[in-house]
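Residues per chain, in single letters:
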Amino acid sequence: MLPGSVSVVAVSKTRSHEEVLLAYNAGQRVFGENRVQELLTKKKLLPADIRWHLIGHLQSNKVRQVVPEVALIESVDSIKLLKEISDEALKRNLVTDCLLQVHIAAEETKFGFDPAEIEREDWSAVTGAFKGVRVCGLMGMASFTDNSEKVRAEFRMLTALFNETRERCFIDKPFFREISMGMSGDWNIAVEEGSTMIRVGTLIFGERTNKTI
Ligand SMILES: *Cc1c(COP(=O)(O)O)cnc(C)c1O
C-alpha cells in the first residue's frame, strides 16, 4: 500500500446526529455504526452523501433493512449471511460491498470467521455464486490489551491472511483491497501493519459514556 491510502471511518455509535453533523461539516463523509436501528434512524436525519458502514454483528432478520442503506457491510461473519445479503441485493438490482470479519483476538466473545475458515474456503467459487455481493477485503479487531506486541502480531496475521486470500481467490479482482483494522487505541500499530481502513470513534468524538458499546 502506498502511504496516504488509509481511509478513516468515523465510528458514531451512541453519538447524536448533531455530533455527527459537526464531523460532517469538518469534512468527514464515512461513518460507522454497529447497530442497524441506530444507523437507519441517524441516516434519515443527516446529509445524503454520507457513506454509512455497518461494523457490528448483522442478524438475518435485519438484512432487508440494511442492504439498500449502506455503502459497506464490514461485519459479515458467515457464508449464510453473505448469501442472504446477496439475495436481498439482487432483488433490488444492487451489488452490496462487504468485508469478511475475521476473529483475530484472543478473546472469546467477538464475532467473525476463524482464520482457518478463511484459509480453506474457495472464495472465488463463493463470490461467483453470490452475484449480489462484492467481497472487498477483511476486517478484524485486535485483543483489548496494553500488550502492543500481541496487538501487532494479530494485525500482522490479518494482513498475511488478506494477502494469501487475495492471491489464492481474488487475484483478478482489484476491488479486493481493504484491510479494515485499527481503532482509537491501536490505529497506529494497525497502519504500520498494513491497514487500509481504520475505524475510529473515541479519538474523534471523545469517550463514550456507555463503554460497553
Ligand atoms: C466501537 C467500535 C470501533 C471504534 O472504537 P473506538 O475505540 O471508540 O475507536 C471500531 N470498530 C468497531 C467494530 C466498533 O464496534
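Use the structure listed above.
Caption draft 1: Quick peek at the pairing of strand β5 (residues 96–102). In terms of burial, β5 is largely enclosed, as seven of its seven residues are buried. Because side chains alternate across β5, one face comprises the buried residues Thr-96, Cys-98, Leu-100 and Val-102, and the other comprises Asp-97, Leu-99 and Gln-101, equally buried. Strand direction decides the pairing type here: strand β4 (residues 72–76) and β5, joined by two bridges, are parallel. Across the sheet, the residue bridging to Val-76 is Leu-100, located in β5. Read as a crossover between parallel neighbours, the route from β4 over helix α4 (residues 79–91) to β5 is right-handed. Where β5 meets strand β6 (residues 133–140), six bridges bridge the pair, whose relative direction is parallel. In the strand pairing of β6, Cys-98 is matched with Val-135.

Caption draft 2: How the structure looks around the layout of surface pockets. What the second largest pocket holds in volume is close to 190 Å³. Arg-51, Asp-97, Arg-177, Glu-178 and Met-197 are, among the 14 residues lining the second largest pocket, the residues nearest its centre. Classifying every residue of the lining of the second largest pocket gives seven nonpolar, two polar and five charged.

Caption draft 3: Main features of the nonpolar core. Counting 49 residues, the largest nonpolar core has Phe-31, Leu-58, Ile-73, Leu-82, Ile-85 and Trp-123 as the members making the most contacts within it. Ranked by residue count, the leading element in this core is helix α7 (residues 148–169), at six residues. Ignoring anything within four residues of it in the chain, the contact list for Leu-58 reads Val-36, Val-63, Val-66, Ile-73, Leu-81 and Ile-85.

Caption draft 4: Focus on the pattern of salt bridges. Counted by the stated rule, this structure contains 16 salt bridges. When the shortest N-O distance is used, the salt bridge between Asp-172 and Lys-173 registers 3.3 Å. Among the residues examined, Asp-172 registers a relative accessible area of 55% and is labelled exposed. The salt bridge partner of Arg-177 is Glu-178, with a shortest N-O separation of 3.7 Å. Residue Glu-178 is classed as buried on the basis of its relative accessible area, which comes to 11%. What you see here is one network of salt bridges that share partners, running through Glu-149, Arg-152, Arg-156, Glu-192 and Glu-193.

Caption draft 5: Geometry of the site of the ligand. Around the ligand, the neighbouring residues are Val-11, Lys-13, Ile-55, Met-141, Met-183, Ser-184, Arg-199, Val-200, Gly-201, Thr-202 and Arg-208. A distance of 2.7 Å is found between an oxygen atom of the ligand and a side-chain nitrogen or oxygen belonging to Lys-13. A distance of 2.6 Å separates an oxygen atom of the ligand from a polar atom in the side chain of Thr-202. For the shell around the ligand, the per-class residue count stands at five nonpolar, three polar and three charged.

Caption draft 6: Here's a closer look at α7. Over its 22 residues, α7 extends 31 Å from the first C-alpha to the last, a length consistent with the 32 Å expected when each residue adds 1.5 Å. Looking at α7, one finds that the buried residues are Val-151, Arg-152, Glu-154, Phe-155, Leu-158, Thr-159, Leu-161, Phe-162, Thr-165 and Cys-169. Those residues of α7 that are buried lie in contact with β5, α5 (115–120), α6 (123–129), β6, β7 (178–180) and α8 (187–192). The N-capping residue of α7, defined by a side-chain oxygen 3.1 Å from the backbone nitrogen of Glu-149, is Asn-147.

Caption draft 7: Structural detail: the environment of Thr-202. Within the secondary structure, Thr-202 is located in helix α9 (residues 202–205). On the basis of relative accessible area, Thr-202 is assigned to the partly exposed category, the value being 22%. Put simply, Thr-202 and Met-183 are 19 residues apart on the chain and 8.5 Å apart in space, counted from C-alpha to C-alpha. Excluding its chain neighbours within four sequence positions, the residues that come into contact with Thr-202 are Arg-15, Ser-184, Glu-207 and Arg-208.

Rules behind the numbers
Residues numbered from 1 in each chain as written. Predicted model: local features only at pLDDT ≥ 70, side-chain atom pairs only at ≥ 80, totals over all residues. Heavy atoms only, no water. Buried < 20%, exposed > 50% of the residue type's maximum accessible area, 1.4 Å probe, protein only. Helix = DSSP H or I, 4+ residues; strand = E, 2+ residues; numbered from the N terminus. Pairing = 2+ DSSP bridges. Right-handed = clockwise from strand over helix to strand, strands pointing away. 1 Å grid on protein atoms, 1.4 Å probe; cavity = no way out; pocket = protein on both sides within 12 Å on 5 of 7 lines; lining within 4 Å. Points joined across faces, edges and corners; volume = space filled by probe spheres on them. Nonpolar A, V, L, I, M, F, W, Y, C, P; charged D, E, K, R; others polar. Core = buried A, V, L, I, M, F, W, Y, C linked by side-chain atoms within 4.5 Å. Contact = heavy atoms within 4.5 Å. Salt bridge = Lys/Arg side-chain N within 4 Å of Asp/Glu carboxyl O. Near = heavy atom within 4 Å. Polar contact = N/O pair within 3.5 Å; in protein donor to acceptor, adjacent residues only side chain to side chain. Expected span 1.5 Å × (residues − 1).

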